[in-house]
Amino acid sequence: MNITGLMVYYYFICQRKLWYFLTQINMEQNSELVSIGKIIDETTYSREKKRILIDNTVNIDFIENGAVLHEVKKTKSIEEAGIWQVKYYMYYLEEHGVKNIMAEINYPLLRQTKQIFLEEEDKEVLKRIEENIIEISNLDKPPEVLNAKFCKKCAYFDLCYV
Ligand code: SF4
């Protein structure tokens, strides 16, 4: 199973949403890491700087000895999920041989930028999250409804509450 940054993002927002996403197969979004794999193959050994866009949200500038990720978010409302999504990309790229990765989340509407760092302990957390995501994908029924304010804006609202 390919764990994607979007899955990690959903993991932090709502595990029920993640379960819906995992069981209602969406091949386009699931192909995200396959794209990254191809990108690494095509660019890591190139001396030219290249810019790659993944899933319309994450830009990766491959530079001579590493990569700089830029994720653009509109708001900070679910900031933690975005941070872990970016950390996951950094972790994934590092596991596939891309060294010296830097990352930042850009909030153009707020005119702010947040630097993201991948610490050693984050890698352990991300390994556990990968295992948890696989466990969630194997559940026969979805995790409990969250009853959160943002549920009203969720695409799965009808499935959870109607
Ligand atoms: S409506 Fe709420 S509980 Fe249901 S999937 Fe969306 S965020 Fe999760």
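The following refers to the structure shown. Given the structure is predicted, the values throughout are model-derived calculations rather than measurements. (Residues numbered from 1 in each chain as written. Predicted model: local features only at pLDDT ≥ 70, side-chain atom pairs only at ≥ 80, totals over all residues. Heavy atoms only, no water.)

Counted according to the given criterion, the structure contains five salt bridges. A salt bridge links aspartate 122 to lysine 87; the shortest N-O distance between them is 2.6 Å. With a gap of 35 residues between them, aspartate 122 in helix H6 (residues 120-137) and lysine 87 in helix H5 (residues 79-95) connect regions that are remote in the sequence. Comparing aspartate 122 with lysine 87 shows no difference in burial state: the two are buried. The closest approach of N and O atoms between glutamate 124 and lysine 127, which form a salt bridge, is 3.5 Å. Separated by three residues within a single helix, glutamate 124 and lysine 127 lie in helix H6, roughly one turn from each other. (Salt bridge = Lys/Arg side-chain N within 4 Å of Asp/Glu carboxyl O. Helix = DSSP H or I, 4+ residues; strand = E, 2+ residues; numbered from the N terminus. Buried < 20%, exposed > 50% of the residue type's maximum accessible area, 1.4 Å probe, protein only.)

Residue classification places aspartate 122 among the buried residues on the basis of a relative accessible area of 7%. Looking at aspartate 122, its side chain comes within polar contact range of the side chain of lysine 87, at 2.6 Å. A polar contact of 2.8 Å, which involves the side chain of aspartate 122, links it to the backbone nitrogen of glutamate 119. Excluding anything up to four places from it in sequence, aspartate 122 contacts Trp84, Lys87 and Phe117. (Polar contact = N/O pair within 3.5 Å; in protein donor to acceptor, adjacent residues only side chain to side chain. Contact = heavy atoms within 4.5 Å.)

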